[in-house]
Amino acid sequence: MKVPPGVSPGDFADAIKQFEEAVGEEWVFTSGEDVDLYRDAYSPFWHEEEDSVPSAAVAPEGVEQVQKVVRIANTYKIPLWTISTGRNLAYGGSAPRLSGSVVLDLKRMNRILEVNDKNHYALVEPGVSYFDLYRYIQDNKLKVWIDPPDPGWGSPVGNSLERGGGRTPMRDHFAAECGMEVVLANGEIVRTGMGALPGSKTWQQYKYGFGPYIDGMFSQSNFGVVTKMGLWLMPEPEAYRDGTVMVQKHDDLVPFVEILSYLMNSEIVRGTMLLESPLLNYRASQGGGVLDTPGGPSIAEMERLGQEKNLPYWSVELHFWGPAKVIDAQWEYTQQKFSAIPGAAFKDGRSYRFPLELKETEDAPRVALGIPNLSVFALIAGAQGHMDFSPIIPMTGEAVFEVLKVFGEAYAELGVAPRNQFFALPWSFFPRSFVLLFGFPIEHDVEKNRKSREIFKRLVQVSAEHGWGEYRTHIAYMDTVSDVYSYNNHALRRFHETVKDAVDPNGILSPGKSGIWPKRMREARMKTGKAGRS
Ligand code: ADP
């Protein structure tokens, strides 16, 4: 059996026995077969020594058992790695940042404590999946929607804590969080926001409570184990419709994004959209790429190709949810605003009324309709996995031009085929900014993965040199990304470390998460030369 770093085999055996007493023997997993299930199925270290392998896993069924587990971990200084349902694929799955950690698997804590369709919120435990919550709402005929990510098999708690994004107006999952219950490293239970008031009637209706607002400190962090979370839900809308806006010329992108930004920030257009280029997609289908690689066709040549093939340079599909009258007016106003760009064209899309009975086979935008599904996996068919490089960039046309050029040059310099990407154009998973999602294939090939990792690290650097930083990253790059958030000699990381040392002095909770290492491991890493971190 693998033993956590710094823990003696004897101590570990004692700790396992105590974990078994705390949660029941059948809920402590130590066999290679069971533990392998917690490895990252998309690991960029496949077949390599650095691949993260947990030593064991413990699955408590309630908050008291979580308290017991962290107290035992404190006694023996055993690193735990908390997961909710562990579907964090492309970012590490259920594998710990520190190989040898014990996975604290909260899947058994899967109670839906409340769903309210008058004030539109839910209170759930970490093991509740988007599918569970969706089914519960359907079965109870409640008039609320969830906002699943692609794919929808993870949990609202895990995904919100990772600050994931969906497609509906509730797409910013951490922004939809309202009130948490957290077990701290010393085993104490804290309730945040209005939850600190015993008997509070508004834990899921008002986020801030009294005093410093700390919920954010438990997201992408290792300061606590979240055991309950409130989520704001969207009232079931009366109707949905979508429509596409297209513009013809390269430089149209600047006013195009400016209008888009105005409409989104005014909440006339809501939800997630993907900026597309039918013309660049065509070029990609011919073996080129979406990025602006050196030696590629000029803008004038591309515009000529666009005219010849009747393909707009830029397009976007916009989505509207609400009363039919309101969304019709929103779409009409949207077209009016974009008409300021000469040659702008529009296409009506799908429309639905709710409640809706969809046929299995119907080509509906399920995620945008709040229906969890797994169809996104079809996109990566063939690859053995992928990891996502996902920087945040400004919501402007100029920034998009710069991105295409900068990453086009970087790809050329690094020898990456221009088509080695799922998407290069930005998404609006979060308000006020764009996010890029570059998917890097993972293969069961050591050499190829080694090269992919080098490229990934280089892209993090290139991004940072241009003022762009990632919103979330795979466990393998947490130090690399943390390294570039370095303002004022890493003042933010030093603050995170100060908090870490205060709330978790033995460093038992998810060491290394988001580049935050507890004191004793920072010192050890310094000695081994790993303290430069990447
Ligand atoms: P999902 O349930 O969506 O699959 P995961 O369980 O994989 O999400 O969690 C994603 C990441 O979020 C984990 O790697 C961990 O760092 C963090 N996390 C998940 N659940 C919790 C929790 N209940 N408390 C603290 N951190 C958590």
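Summarised in this report is the structure supplied together with it.

Some remarks on the pattern of salt bridges
Then, number 1: This structure, assessed with the given rule, holds 29 salt bridges.
Then, number 2: Here Arg135 ties to Asp132 by a salt bridge, and the two come within 4.0 Å at their closest N and O atoms. With Arg135 and Asp132 both in helix H4 (residues 130-139) and 3 residues apart, the pair spans about one turn of that helix.

Describing the nonpolar core
Then, number 1: By size, the foremost hydrophobic cluster in this structure holds 63 residues, and its most contacted members are Phe256, Trp314 and Phe407.
Then, number 2: Counting residues in each nonpolar core, the second largest holds 28 residues, with Val7, Ala22, Met109 and Val225 among its members.

Examining the packing of helix H1 (residues 9-23) against helix H3 (residues 63-76)
Then, number 1: Between H1 and H3, whose axes approach to 9 Å, the crossing angle comes to 170 degrees. Between H1 and H3, the angle falls in the class roughly antiparallel. Each of Asp11, Asp14, Ala15, Gln18, Phe19, Ala22 and Val23 in H1 lies in contact with H3, whose residues at this interface are Gln65, Lys68, Val69, Ile72, Ala73 and Tyr76.
Then, number 2: Taken together, the residues that form the contact of H1 with H3 break down as 8 nonpolar, 2 polar and 3 charged.

Overview of the packing of helix H10 (residues 397-414) against helix H11 (residues 446-465)
Then, number 1: Put simply, H10 and H11 touch, their axes get as near as 11 Å, and they point 145 degrees apart. The crossing of H10 and H11 is right-handed. Here H10 contributes Val406, Phe407, Ala410, Tyr411, Glu413 and Leu414 to the contact with H11, which in turn contributes Lys451, Ile455, Arg458, Leu459, Val462 and Ser463.
Then, number 2: For the contact of H10 with H11, a count of residues per class yields 8 nonpolar, 1 polar and 3 charged.

What to know about the site of the ligand
Then, number 1: The ligand sits among 20 residues. The nearest are Ser84, Thr85, Gly86, Arg87 and Ser155.
Then, number 2: Here Ser84 contributes a backbone N or O atom positioned 2.7 Å from an oxygen atom of the ligand.
Then, number 3: In this structure, a nitrogen atom belonging to the ligand sits 2.8 Å away from a main-chain N or O atom of Val226.
Then, number 4: Computed on the free molecule, the ligand has an accessible area of 550 Å², of which 97% lies beneath the protein chains in the complex.
Then, number 5: Listed by contribution, the elements that provide at least two residues to the shell around the ligand are strand E3 (80-83), helix H5 (156-161) and strand E10 (225-232).

Structural notes on the pairing of E10
Then, number 1: The buried count for E10 comes to 7 of 8 residues, which makes it a mostly enclosed element.
Then, number 2: Bridge count for strand E6 (residues 121-124) against E10 is 4 bridges, and the pairing is antiparallel. Note on E10: the bridge partner recorded for Leu123 is Gly230.

Observations regarding empty space enclosed by the protein
Which parts of space are left empty comes out when a probe the size of a water molecule is rolled across the atoms.
Then, number 1: The tally for this structure, following the rule as stated, stands at 2 cavities of 30 Å³ or more.
Then, number 2: Counted as a void, the largest cavity has a volume near 120 Å³.
Then, number 3: Lining the largest cavity we find 14 residues, and of these Tyr130, Asp147, His173, Leu231 and Trp232 sit closest to its centre.
Then, number 4: Put simply, the parts of the chain that give the lining of the largest cavity at least two residues each are H4, H5 and E10.
Then, number 5: By residue class, the composition of the lining of the largest cavity is 11 nonpolar, 2 polar and 1 charged.

Quick word on the side chain of Arg472
Then, number 1: Checked against the element boundaries, Arg472 lands in the loop between strand E20 (469-470) and helix H12 (478-484).
Then, number 2: Separated by 2.7 Å, the side chains of Arg472 and Asn88 make a polar contact.
Then, number 3: A polar contact of 3.2 Å, which involves the side chain of Arg472, links it to the side chain of Tyr471.
Then, number 4: Non-local contacts of Arg472, meaning those with residues more than four positions away in its chain, are made with Asn88, Tyr91, Asn159, Glu162, Gly164, Gln220 and Ser390.

What counts, and where the lines are drawn
- Residues numbered from 1 in each chain as written.
- Predicted model: local features only at pLDDT ≥ 70, side-chain atom pairs only at ≥ 80, totals over all residues.
- Heavy atoms only, no water.
- Salt bridge = Lys/Arg side-chain N within 4 Å of Asp/Glu carboxyl O.
- Helix = DSSP H or I, 4+ residues; strand = E, 2+ residues; numbered from the N terminus.
- Core = buried A, V, L, I, M, F, W, Y, C linked by side-chain atoms within 4.5 Å.
- Buried < 20%, exposed > 50% of the residue type's maximum accessible area, 1.4 Å probe, protein only.
- Axes fitted to C-alpha atoms, helices over the stretch in contact; angles between N-to-C directions.
- Parallel < 35°, antiparallel > 145°, perpendicular 65-115°, else oblique.
- Contact = heavy atoms within 4.5 Å.
- Nonpolar A, V, L, I, M, F, W, Y, C, P; charged D, E, K, R; others polar.
- Left-handed = near helix turned anticlockwise from the far one by under 90°.
- Near = heavy atom within 4 Å.
- Polar contact = N/O pair within 3.5 Å; in protein donor to acceptor, adjacent residues only side chain to side chain.
- Areas by Shrake-Rupley, 256 points an atom, 1.4 Å probe, with all protein chains shown as cover.
- Pairing = 2+ DSSP bridges.
- 1 Å grid on protein atoms, 1.4 Å probe; cavity = no way out; pocket = protein on both sides within 12 Å on 5 of 7 lines; lining within 4 Å.
- Points joined across faces, edges and corners; volume = space filled by probe spheres on them.

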